[in-house]
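# Architecture and fold: a report
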Amino acid sequence: MRIKFKWLTVALGFLSIIGYSQSKNGIVPKSYVAYKTTDKMIIDGDESDASWAKVDWSDPFIDIEGIQKPKYGTKVKMLWDETNFYILAKLEEPHVWANLKQRDTIIFYNNDFEVFIDPDGDTFNYYELEINALNTAWDLFLSKPYRENDNVVLNDWNITGLKSAVKINGTLNNPNDTDEGWVLEMAIPWAAYRKSYGEYNVPKDNFWKVNFSRVNWQHTVTNGNYERKKDAAGKFLPEYNWVWSPMGVINMHEPEKWGYIYFSSKAGKDSFTIPQEDKLKWELFTLYRAQKEYYQKHKAWATSLESLTKESIRVENKILKPILENHKTGYTISVKSPFSNKTLIIRQDGKIISN
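Predicted, not measured: the structure shown is a model, and the values here were computed from it.

Since there are 3.6 residues in each turn of an α-helix, residues three or four apart along the chain are aligned in direction. The end-to-end C-alpha distance of helix 3 (residues 276-298) is 34 Å, a good match for the 33 Å that 23 residues give at a rise of 1.5 Å each. Considered for burial, the residues of helix 3 that qualify are Glu-277, Asp-278, Leu-280, Trp-282, Leu-284, Phe-285, Leu-287, Tyr-288, Arg-289, Ala-290, Gln-291 and Lys-292. Looking one or two residues beyond helix 3, the residue adopting positive phi is Lys-299, at roughly 60°.

Turning next to unusual backbone geometry. Of note in the backbone geometry, Lys-299 takes a positive phi value of approximately 60° without being a glycine. By the secondary structure assignment, Lys-299 is in the loop between helix 3 and strand 16 (313-315). Although it is not a glycine, Asn-341 sits at a positive phi angle of roughly 65°. Overall, Asn-341 belongs to the exposed group, its relative accessible area being 57%.

Looking at soluble globular proteins, one finds that nonpolar side chains tend to be buried together. Among the nonpolar cores identified, the biggest contains 57 residues, and Phe-113, Ile-188 and Phe-212 are the most heavily contacted of them. When neighbours within four sequence positions are excluded, Phe-212 is seen to be in contact with Phe-61, Val-76, Met-78, Ile-87, Phe-113, Glu-114, Val-115, Trp-242, Val-243, Trp-244 and Met-252.

Turning next to the packing of aromatic side chains. Think of a pair of aromatic rings as described by two things: how far the centres are apart, and how the planes are tilted against each other in angle. Applying the stated criterion to the full structure yields 28 aromatic pairs. Their ring planes at 85° and their centres at 5.1 Å tell us that Phe-85 and Phe-263 sit as a pair that is edge-to-face. Here Phe-85, found in strand 4 (residues 84-92), pairs with Phe-263, found in strand 15 (residues 259-264); they are 178 residues apart in sequence, far enough to count as distant. Aromatic pair Trp-208 and Phe-263: ring centres 6.2 Å apart, planes at 80°, arrangement edge-to-face. Within this pair, whereas Trp-208 is found in strand 11 (residues 206-216), its partner Phe-263 is found in strand 15, the two being separated by 55 residues in sequence. For Trp-208, a relative accessible area of 5% gives the class buried. An aromatic cluster of three or more residues is present, and its members are Trp-80, Phe-85, Tyr-127, Phe-141, Trp-157, Trp-190, Tyr-193, Trp-208 and Phe-263. We note Arg-228 situated over the ring of Trp-217; from NZ or CZ to the ring centre the distance is 4.6 Å.

A separate point is the side chain of Asp-278. With respect to the helices, strands and loops of the structure, Asp-278 is situated in helix 3. Lys-281 is the oppositely charged side chain nearest to the buried, salt-bridge-free Asp-278, at an N-O distance of 4.1 Å. If we ignore the near neighbours within four places in the chain, the residues touching Asp-278 are Phe-207 and Tyr-260.

Summarising the sheet, strand 2 (residues 62-63) and strand 14 (residues 240-243) pair through two bridges and their orientation is antiparallel. Note that in strand 14 the partner of Asp-63 across the bridge is Trp-242. Bridge count between strand 11 and strand 14: four bridges; the pairing is antiparallel. Bridging across to strand 14, Asn-216 finds its partner in Tyr-240.

What counts and how
- Residues numbered from 1 in each chain as written.
- Predicted model: local features only at pLDDT ≥ 70, side-chain atom pairs only at ≥ 80, totals over all residues.
- Heavy atoms only, no water.
- Helix = DSSP H or I, 4+ residues; strand = E, 2+ residues; numbered from the N terminus.
- Expected span 1.5 Å × (residues − 1).
- Buried < 20%, exposed > 50% of the residue type's maximum accessible area, 1.4 Å probe, protein only.
- Core = buried A, V, L, I, M, F, W, Y, C linked by side-chain atoms within 4.5 Å.
- Contact = heavy atoms within 4.5 Å.
- Phe/Tyr/Trp six-rings, centres within 6.5 Å; stacked < 30°, edge-to-face > 60°.
- Lys NZ or Arg CZ within 6 Å of the ring centre and 35° of its normal.
- Lys, Arg positive; Asp, Glu negative; His and termini not counted.
- Salt bridge = Lys/Arg side-chain N within 4 Å of Asp/Glu carboxyl O.
- Pairing = 2+ DSSP bridges.

Right under this line is the structure:
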């Protein structure tokens, strides 16, 4: 995805304008049931393995705003066991190319596949992994989304024990033929996401917030080598961003909008329903993003909800009555859940507290 570091100031400024816009199209996050496997998984990029044949593909990827159908298809499958989270991605691509070979370089300057994971779903302390067709990885840890100016990005954080493999259905870096695409298979150890030594963090019969993104560039061929295409002014043409669960804006770093992966231990078919409390959180984040917009325009936080929305807020046909309170360092917006009687509070930094 496009924005990675704060020193990319021009792009970050663009993000600040588009990233806080409220979604007007009612996008609902996708969900997928990942089943536990008892098979020994061989990470070789082979989609025909018996383990993968037992589970369904995800919905096809859509463009990041959830509007247009991508030019090329992308889909994923998922499995898990007590050690790893397994992901299989299939990417249609008539010209498979890559030239970045050093780990933790900016992989999205090539066509790539990206994984975003927020284990506890609070939008803080989440993880990103990018891999290109050369199987070169870039993994990083983010303390908060880029919209918070005090976030920390750890580029030297690594997924210890990561296994990944790419299988090219065609020929890599050969502009003289037409390819079918590439398949990426990976095993991500649960242990990489532990917050403390010995913590059991396998999400058995629970869900994590996850999303997948595919970056695809228009290209040209120079002296037999693929390159990102430029416009008449010599600037790179913008990339395509195709995702599993649409974001509504061109910004993957709004973790509250990511999809839900439910890790089922059930032997037969299982189902997953998005918790009602999470739907309340969506509404709080909508108000939070509206506050961001308001602050950009007025250089101060709004002091009334009427300044943020003129519409009543409903979840499952129940009207919510949020309370906005301003204080010296920012604000809080709280709402009492009509489903559990818990009070959910969102702070000016996007942190949600439940009590």
